[in-house]
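Now for the letters of each chain:
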Amino acid sequence: MNKKYDVLIIGTGIAGLYTACNLKDNLRVLIITKNKLRDCNSYLAQGGISTLRDIGDKEAFIEDTLKAGNYKNKLEAVTQIVENSTDNINRLLSLGVDFDKDIDELNYTREGGHSKFRIVHSKDETGKEVIEKLINYVSSKENITILEDTTLLDIIQYKNRCIGGIIERSSEIITINAKATVLATGGIGGIFNSTTNIETITGDGLSIALKHNILMKDISYLQLHPTALYEEEVRGRKLLLSESLRGEGGVIRNALGEKFVNPLLPRDIVSREILKEICKTPQTPYVFLDMTNKSKEFLINRFPYIYEQCLKRGYRMEKDLLPIAPAHHYCMGGIQVDLNSKTSMKDLYAIGEVSCTGVHGNNRLASNSLLEGLVFSRKAAQHINLLVDEGDDKLRGELVERINLKAISDVKNANEEYKYKFISYLKGKVNGEYVKLFNC
Ligand code: SIN
């Protein structure tokens with residue numbers, strides 16, 4: 001079967017959904033996800049979204065982002081997210097996102113590497129709140145179709161141009177003819193045996209980029225989150241204990257109960273210090289997050305999700321130290337994009353964790369990922385809104401129709417091969433601590 005849309009979006013995290021929100025109503029848009037709508041890392045985001053609290057904070061916000069990224073960031077991209085933060089937070093508010101407030105004012109929290117309280121949040125389930133409101137919005141739009149359980153098998157390339165995608169749904173193969181294609185497939189957490197990510201996020205967009213020689217950048221820049229709950233028997237996804245716990249006063253202690261690191265340093269430094277400490281006590285492969293200086297009432301009110309998850313596992317946060325160890329969290333590199341989210345292939349865009357805008361340098365500042373997703377989704381949508389069909393609509397249709405669907409089984413095999421190639425490629429680029437985390 002062959003279908004025609006103006007825009008094909010792969011992924012239903014913040015990047016995919018918010019792109020759709022910003023496209024013109026007269027564009028026919030198809031969004032697909034290989035699992036269910038809510039199966040994305042954005043949904044799990046706890047901490048919040050960094051934003052410019054007032055104009056006087058601009059320089060400090062830029063500097064904190066650059067410093068956390070060890071000055072390997074792209075300054076123009078950092079400036080973009082900072083300058084466009086307030087507008088996008090206001091847009092979310094207008095879509096009904098319920099950020100926490102103190103009476104009428106937004107409540108701002110703080111996380112590692114931030115010199116100021118500038119993170120808006122919805123308790124400790126910011127991602128869930130944002131994604132639910134974006135789903136409400138896109139579901140109400142007649143020009144947008146959402147398909148769950150639908151996999152992108154491949155993009156369709158004609159010369160150096162993307163003219164759509166080949167998708168699979170209930171064993172049916174469908175070719176999609178699209179003016180613009182957006183990869184919003186997320187990161188790579190699923191390929192690690194200790195991660196804060198959803199296991200099904202396995203670098204699909206990056207494998208496709210490798211297959212089509214689309215430029216990638218900084219792929220070895222991977223990030224550990226310092227405070228994932230240590231559970232020996234759990235492989236794959238670990239419970240994230242948000243940095244905002246430390247922003248609200250949590251401290252980190254070693255096996256002897258001693259403080260050994262400032263908990264509000266950027267997360268690469270905190271993770272490194274924790275790993276050093278763990279090496280000193282091989283019989284205790286974890287250290288502790290200590291929230292016992294906070295009352296039960298405060299913890300339940302401010303961190304209801306984390307409190308409940310800890311309780312389920314037998315920890316009362318107001319009394320018990322929480323065992324923690326670093327786990328894979330984020331990939332700063334990805335498909336190289338410009339400031340409009342355009343990749344090196346014409347009419348192909350990449351947004352969110354699959355992309356590399358250069359915002360994060362080699363270590364992302366906490367709560368800058370949802371912000372990057374918002375700002376660069378909107379940029380991409382604004383760019384796509386201006387795309388005019390340069391009289392080649394007919395040609396695209398003919399090319400897509402000519403695709404030999406019998407060759408699709410080859411595509412499926414090639415996908416496996418490229419996933420494997422991508423993982424080998426990545427392994428060749430990262431350091432010892434990270435290699436230990438791979439699950440294959
Ligand atoms: C967290 O809540 O600690 C994660 C926030 C982030 O990844 O920026």
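Only a predicted model underlies this, so the values are computations on that prediction, with no experimental measurement involved. Counting starts from 1 at the beginning of each chain's written sequence and moves along it residue by residue. Per-residue local features of the predicted model are confined to residues with pLDDT of at least 70, and side-chain atom pairs are confined, for both listing and counting, to 80 or more; whole-chain, interface and lining totals are unaffected and use all residues. Values reported for side chains reflect all heavy atoms of the structure, with hydrogen atoms and water molecules removed beforehand.

### Examining the sheet that holds strand 3 (residues 49-50)
Inference 1: A pair of strands is treated as paired once DSSP finds two or more bridges between them. Strands here mean DSSP runs of E at least two residues long; helices mean DSSP runs of H or I at least four residues long; both are numbered from the N terminus. Strand order in the open sheet formed by 3 strands is 3-7-6, and the pairing between neighbours is antiparallel. In this open sheet, the two strands that pair with only one neighbour each are strand 3 and strand 6 (108-109).
Inference 2: As paired strands, strand 6 and strand 7 (residues 119-120) are joined by 2 bridges and run antiparallel to one another. What sits directly across from T109, in strand 7, is I119.

### Quick look at the environment of T343
Inference 1: Here T343 lies in the loop between strand 19 (334-336) and strand 20 (348-350).
Inference 2: Owing to a relative accessible area of 10%, T343 belongs among the buried residues under this scheme.
Inference 3: Every residue pair with non-hydrogen atoms within 4.5 Å of one another is taken to be in contact. Once residues lying within four places of it in the same chain are set aside, the contact partners of T343 are I214, I335, Q336, V337, L348, Y349 and A350.
Inference 4: Under this definition, polar contacts are N or O atom pairs within 3.5 Å; protein pairs additionally need one hydrogen-donor-capable and one acceptor-capable atom, and for neighbouring residues in sequence, both atoms have to be side-chain atoms. Of note is the side chain of T343, whose polar atom sits 3.0 Å from the backbone nitrogen of M345.
Inference 5: A distance of 2.8 Å separates the side chain of T343 from the backbone oxygen of L348, its partner in a polar contact. Exposure classes here rest on a 1.4 Å probe applied to the protein chains alone. A residue is buried below 20% of its type maximum, exposed above 50%, and partly exposed in between.

### Section: the packing of helix 5 (residues 85-94) against helix 12 (residues 369-385)
The angle between the axes and the distance between the axes are what describe a pair of packed helices.
Inference 1: The N-to-C vectors of helix 5 and helix 12 enclose an angle of 90°; their axes lie 10 Å apart at closest approach. Classified by the interaxial angle, the pair formed by helix 5 and helix 12 is roughly perpendicular. Together, S85, D87, N88, R91 and L92 of helix 5 and L371, L374, V375 and R378 of helix 12 make up the contact between the two elements. Every axis in this analysis is a line fitted to C-alpha atoms, fitted for helices over the stretch in contact. Angles between the N-to-C directions lie between 0 and 180 degrees. The cut-offs work like this: below 35 degrees is roughly parallel, past 145 is roughly antiparallel, 65 to 115 is roughly perpendicular, and the gaps in between are oblique.

### Here we look at the site of the ligand
Inference 1: Any residue with a heavy atom lying within 4 Å of a molecule or strand is counted as near it. The full set of residues close to the ligand is Q46, G47, E111, H225, S242, E243, R267, H329, R364, A366 and S367.
Inference 2: Contact between the ligand and E243: an oxygen atom at 2.7 Å from a main-chain N or O atom of the residue.
Inference 3: Note that an oxygen atom of the ligand is positioned 2.6 Å from one of the side-chain N or O atoms of H329.
Inference 4: Here, Shrake-Rupley sampling with a 1.4 Å probe gives the accessible areas, and only protein chains in the shown set may cover a residue. Protein chains bury 94% of the 260 Å² of accessible surface belonging to the ligand in isolation.
Inference 5: Across the shell around the ligand, the residue classes break down as 1 nonpolar, 6 polar and 4 charged. In this classification, Asp, Glu, Lys and Arg are treated as charged, Ala, Val, Leu, Ile, Met, Phe, Trp, Tyr, Cys and Pro as nonpolar, and every other residue, Gly included, as polar.

### Brief notes about the UniProt feature "domain: FAD-dependent oxidoreductase 2 FAD-binding" (unreviewed entry) in the chain
Inference 1: UniProt positions are given in the numbering used here, feature names are shortened, and annotations may be inferred rather than shown by experiment. Using the residue numbers shown here, the UniProt feature "domain: FAD-dependent oxidoreductase 2 FAD-binding" (unreviewed entry) corresponds to residues 6-370.
Inference 2: Summarising residues 6-370: 28% helix, 25% strand, and an end-to-end C-alpha distance of 26 Å.

### Focus: the side chain of T109
Inference 1: Positionally, T109 belongs in strand 6.
Inference 2: Excluding residues within four positions of it along the chain, T109 makes contact with G47, K116, F117, R118, I119, H121, S244, E248 and R302.

### Points about the pairing of strand 10 (residues 161-169)
Inference 1: A large share of strand 10 lies buried, amounting to 8 of its 9 residues.
Inference 2: Bridge count for strand 9 (residues 150-158) against strand 10 is 7 bridges, and the pairing is antiparallel. Across the sheet, T151 pairs through a bridge with E168, a residue of strand 10.
Inference 3: Hairpin connection from strand 9 to strand 10: 2 residues lie between these consecutive antiparallel strands, with K159 at a positive phi of about 50°.
Inference 4: Relative to strand 11 (residues 172-183), strand 10 is paired through 6 bridges, and the arrangement is antiparallel.

### Here's the deal with the packing of helix 4 (residues 75-83) against helix 12
Inference 1: In contact at an axis separation of 9 Å, helix 4 and helix 12 are set at 95° when each is read in the N-to-C sense. Relative to helix 12, helix 4 is oriented roughly perpendicular. Of the residues in helix 12, those in contact with A77, Q80 and I81 of helix 4 are L371, E372, V375, F376 and K379.

### Looking at the nonpolar core
Nonpolar side chains in soluble globular proteins tend to end up buried together.
Inference 1: In this structure, I49, L92, F99 and L134 are the most contacted members of the largest nonpolar core, which totals 55 residues.
Inference 2: For this core, the element with the highest residue contribution is helix 12, accounting for 8 residues.
Inference 3: Not counting chain neighbours up to four residues away, the residues in contact with L92 comprise Y18, I49, V97, F99, V130, L134 and L374.
Inference 4: By nonpolar core we mean a set of buried residues, namely Ala, Val, Leu, Ile, Met, Phe, Trp, Tyr and Cys, connected to one another through side-chain atoms within 4.5 Å. The next biggest cluster of nonpolar side chains, apart from the first, holds 38 residues, and it includes I155, A209, I214 and M216.

### Considerations on the packing of aromatic side chains
Inference 1: Centres within 6.5 Å are what make two rings of Phe, Tyr or Trp a pair, Trp counting through its six-membered ring; a difference in plane orientation under 30 degrees is then read as stacked, over 60 as edge-to-face, and the rest as tilted. One pass over the full model with this rule turns up 4 aromatic pairs.
Inference 2: Between F298 and F303, the ring centres sit 6.4 Å apart and the planes meet at 75°, which makes this aromatic pair edge-to-face.
Inference 3: Classification of F298 as partly exposed rests on a relative accessible area of 27%.
Inference 4: A ring pair is formed by F422 and Y425, whose centres lie 6.5 Å apart and whose planes are at 40°; its orientation type is tilted. Note that F422 and Y425 are positioned in helix 14 (residues 408-427) at a spacing of 3 residues, about one turn of the helix.
Inference 5: An aromatic cluster of at least three residues, connected via ring pairs, comprises Y230, Y286 and F288.
Inference 6: For a ring to carry a charge above it, either NZ of a lysine or CZ of an arginine must fall within 6 Å of the ring centroid while also lying within 35 degrees of the normal to the ring plane. R364 extends its terminal NZ or CZ atom over the ring of Y330, reaching a point 4.1 Å from the ring centre.

### Here we look at the pattern of salt bridges
When their charged atoms lie close together, side chains carrying opposite charge are able to pair.
Inference 1: Each salt bridge in this description consists of a side-chain nitrogen of Lys or Arg and a carboxyl oxygen of Asp or Glu lying within 4 Å of one another. In this structure the tally under the stated criterion is 25 salt bridges.
Inference 2: Close ionic contact of D290 with R253 constitutes a salt bridge, the shortest N to O distance being 2.7 Å. Taken together, the residues span a long stretch of sequence, with D290 in strand 17 (residues 287-290) and R253 in strand 16 (residues 251-253) at a distance of 37 residues.
Inference 3: A salt bridge links K280 to E277; its shortest N-O distance comes to 3.1 Å. A residue pair is termed a helical-turn pair when its members lie 3 or 4 positions apart in one helix, as K280 and E277 do in helix 9 (residues 267-280) at 3 residues.
Inference 4: Each of the salt bridges in this network shares a partner with another, and the network as a whole consists of D57, D64, K116 and R118.

### What about the sheet that holds strand 21 (residues 355-356)?
Strand-to-strand pairing in sheets goes through backbone hydrogen bonds, with the strands running parallel or antiparallel.
Inference 1: Overall, mixed pairing links the 3 strands, which are arranged 13-19-21 in an open sheet. With partners counted over all chains shown, the strands left at the sheet margins are strand 13 (216-217) and strand 21, one partner each.
Inference 2: Running at roughly 45° to strand 19, helix 7 (residues 204-211) makes contact with strand 13 and strand 19 of the sheet.

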